[in-house]
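Chain and residue survey
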Amino acid sequence: MQARNILVVGAGPVGTVAALACARFGHQVTLLEAQAQVDDSPRASTTQPPTLEILAELGLIDEYIAQGLMSRTFQFWDRARLRLIAEFDFDRLRGETAYPYVVQTEQHKLALMGIARLRAMPNAQVRMATKVLEIAQDATGATVQTESGELRADYVIGCDGGRSTVRKSLGIEFEGFTWPERFLVITTRFDFEAALGCCYRNYMADPEEWTNLFKVAGDDLKGRWRAVFNTRPDESDEEALSDAAVRARLARVYVPEAERDYLHLNLYNVHQRVAQQFRRGRVFLCGDAAHVNNPIGGLGLNSGIHEAWHLARLLNGGGDLDDYERVRRPLNIEYVQEQTIANKKRLEERDPLTREKRFDELRRMADDPVKHKAFLMRASLLEGARRLE
Ligand SMILES: Cc1cc2nc3c(=O)[nH]c(=O)nc-3n(C[C@H](O)[C@H](O)[C@H](O)COP(=O)(O)OP(=O)(O)OC[C@H]3O[C@@H](n4cnc5c(N)ncnc54)[C@H](O)[C@@H]3O)c2cc1C
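Predicted model only: the values in this text are computed from it and were never measured.

On to the pattern of salt bridges, then. Under the counting rule described, the total for this entry stands at 35 salt bridges. Between D206 and R79 there is a salt bridge whose closest N-O contact spans 3.4 Å. Highlighted residues: D206 in the loop between β14 (201-205) and β15 (211-216) and R79 in the loop between β5 (73-78) and β6 (83-89), separated in sequence by 127 residues. By relative accessible area, D206 is classed as buried at 8%. Here E181 ties to K344 by a salt bridge, and the two come within 2.6 Å at their closest N and O atoms. Here E181, found in strand β13 (residues 174-188), pairs with K344, found in helix α10 (residues 323-348); they are 163 residues apart in sequence, far enough to count as distant. Its relative accessible area of 7% is what places E181 among the buried residues. By relative accessible area, K344 is classed as buried at 1%. Connected via shared salt-bridge partners are R79, D206, E209, R232, D234, E235, E239, R249 and R252.

Dropping the structure here:
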């Protein structure tokens, strides 16, 4: 395969994976990042089995697992009555994948790992603090305008997140909607596993306000928890972030008064949107630049990494470049958009009868080995990945 000159915009986790995959295939790669440092705000951590398979192909898996926490199970709870409803166990995927578990590693660690590998490669360049302003293309290549000059490339991969300049510069619509509520992430050292008997990944339904609890390793590997809550649509940012409201939320998830101190707060707008096109000529969109979704189920970043790996293989001569959009766009709609919307509805159901019906469905699925495995195949994105193979 002839070596190409590939420009990747955005050194988030998807951009670094795209750049690393292309560089390992022997292409000349430049990774451009607007910020001087990698963004370390608390976002994705749940890494699904097919994503772990890709990280293994990229030679990152041991380091990745060493910087995170392995988690075999996830649980659904009824928060109001502190009832465990159902538990799902990834071990049921043994035989389907070499990684029958998820790994909870914060997304900035993946970006940092990828950047370190790229810096050690003679055919790769990482340029931080280099913001892309505009993209144009002609018959022989693409021209990228940055704050510090102009660059040419055979192909450009836009991994510049939900507000993607690359997508806007191409005039591609970002179709979908924004939820009226925001999601609040409270990071705390409070040990929910010891206090509630839950596992490292928990989805707690409640008609008024749901909570999701995840344990992550933290940069110091000492462990900390992220408690994610929906805000009320009429709640202002100031109110949601106020100390009193944060402590009240921790109280509602059974944290005793003396232990309601927290390390970090983050408030996010939440969207379900998919770009009308994933490719325009020599320019491709990957990750959040191509689609965004609510984080319930841990699918957004995972699907972005699958796209980056798929595209790198296509650009390396592994198939028709048109397959990228033809395959990835419907996969995102079917597996990521549909499941994350269903996951959110399951947590916030208000009608008591429907709530109990949903809980019963979950129990029945968890109790039936065939349904249990089928649910995990879909929820982990393994079903879509295997369909593609
Ligand atoms: C609370 C929360 C929890 C989540 N949990 C999960 C989870 O468990 N699992 C999961 O799969 N997903 C999860 N997600 C989603 C996940 O965080 C995103 O899908 C992920 O960040 C997408 O990565 P990305 O590299 O595409 O974009 P980003 O992480 O947004 O990175 C884009 C990069 O591009 C840079 N950039 C932007 N504009 C330019 C420009 N003009 N020029 C150069 N660089 C530019 C930015 O500075 C940034 O570094 C969660 C999200 C939230 C909010």
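Among the nonpolar cores identified, the biggest contains 70 residues, and V8, V156 and I157 are the most heavily contacted of them. The residues contacting V156, other than those within four sequence positions of it, are L7, V9, I135, A142, V144, R282, V283 and F284. Of all hydrophobic cores here, the second largest spans 27 residues; its members include F74, F183, F214 and F359.

Tracing the chain through its elements places R260 in the loop between α8 (243-252) and β17 (264-275). Despite its burial, R260 pairs with no opposite charge; the closest candidate is E257, at 4.9 Å N-O. At a separation of 2.8 Å, a polar atom in the side chain of R260 contacts the main-chain carbonyl oxygen of V255. Ignoring any residue separated from it by four or fewer positions in sequence, one finds R260 in contact with R247, L250, A251 and V255.

With that settled, the discussion passes to the sheet that holds strand β19 (residues 283-285). With respect to topology, six strands assemble into an open sheet ordered β8-β2-β1-β12-β19-β18, the strand pairing being mixed. At either end of the open sheet lies a strand with only one pairing partner, and these are β8 (124-127) and β18 (279-280). Of the strand pairs in this sheet, strand β1 (residues 5-9) and strand β12 (residues 155-158) are connected by four bridges, and their pairing is parallel. Within β12, the residue paired with V9 across the bridge is G158.

Take helix α12 (residues 369-379) next. Along α12, the residues that are buried comprise H372, F375, L376, M377 and A379. Buried positions along α12 lie against β5, β6, α10, α11 (352-367) and α13 (382-388). Where α12 begins, the side chain of D368 points an oxygen toward the backbone nitrogen of V370, at a separation of 2.9 Å. Positive backbone phi, approximately 70°, marks L381, located one or two places after α12.

Empty space among the atoms becomes apparent when a probe as large as a water molecule is rolled across them. Scanning the entire structure with this criterion turns up two cavities of 30 Å³ or more. A volume near 160 Å³ is recorded for the largest cavity. Listing elements by their share of the lining of the largest cavity, those giving two or more residues are β5, β14, α10 and α12. At four residues, the largest contribution of residues to the lining of the largest cavity is made by α10. Looking at the lining of the largest cavity residue by residue, the classes come out as nine nonpolar, five polar and two charged. In this structure, the second largest cavity spans a volume of roughly 30 Å³. For the lining of the second largest cavity, the elements supplying multiple residues, two or more each, are β3 (46-47) and α9 (300-315). If you tally residues by element for the lining of the second largest cavity, the top one is α9, at three residues. Grouping the amino acids of the lining of the second largest cavity by side-chain chemistry returns four nonpolar, four polar and no charged.

What follows covers the packing of helix α2 (residues 49-57) against α9. The interhelical angle for the contact between α2 and α9, taken along N-to-C directions, is 40°, at an axis separation of 9 Å. Classified by the angle between their axes, α2 and α9 sit oblique to one another. With respect to the hand of their crossing, α2 and α9 are arranged in left-handed fashion. In this structure, α2 contributes P50, T51, I54 and E57 to the contact, and α9 contributes N302, I305, H306 and W309. Class assignment of the residues belonging to the contact of α2 with α9 gives a composition of four nonpolar, three polar and one charged.

Parameters and conventions
- Residues numbered from 1 in each chain as written.
- Predicted model: local features only at pLDDT ≥ 70, side-chain atom pairs only at ≥ 80, totals over all residues.
- Heavy atoms only, no water.
- Salt bridge = Lys/Arg side-chain N within 4 Å of Asp/Glu carboxyl O.
- Helix = DSSP H or I, 4+ residues; strand = E, 2+ residues; numbered from the N terminus.
- Buried < 20%, exposed > 50% of the residue type's maximum accessible area, 1.4 Å probe, protein only.
- Core = buried A, V, L, I, M, F, W, Y, C linked by side-chain atoms within 4.5 Å.
- Contact = heavy atoms within 4.5 Å.
- Lys, Arg positive; Asp, Glu negative; His and termini not counted.
- Polar contact = N/O pair within 3.5 Å; in protein donor to acceptor, adjacent residues only side chain to side chain.
- Pairing = 2+ DSSP bridges.
- 1 Å grid on protein atoms, 1.4 Å probe; cavity = no way out; pocket = protein on both sides within 12 Å on 5 of 7 lines; lining within 4 Å.
- Points joined across faces, edges and corners; volume = space filled by probe spheres on them.
- Nonpolar A, V, L, I, M, F, W, Y, C, P; charged D, E, K, R; others polar.
- Axes fitted to C-alpha atoms, helices over the stretch in contact; angles between N-to-C directions.
- Parallel < 35°, antiparallel > 145°, perpendicular 65-115°, else oblique.
- Left-handed = near helix turned anticlockwise from the far one by under 90°.

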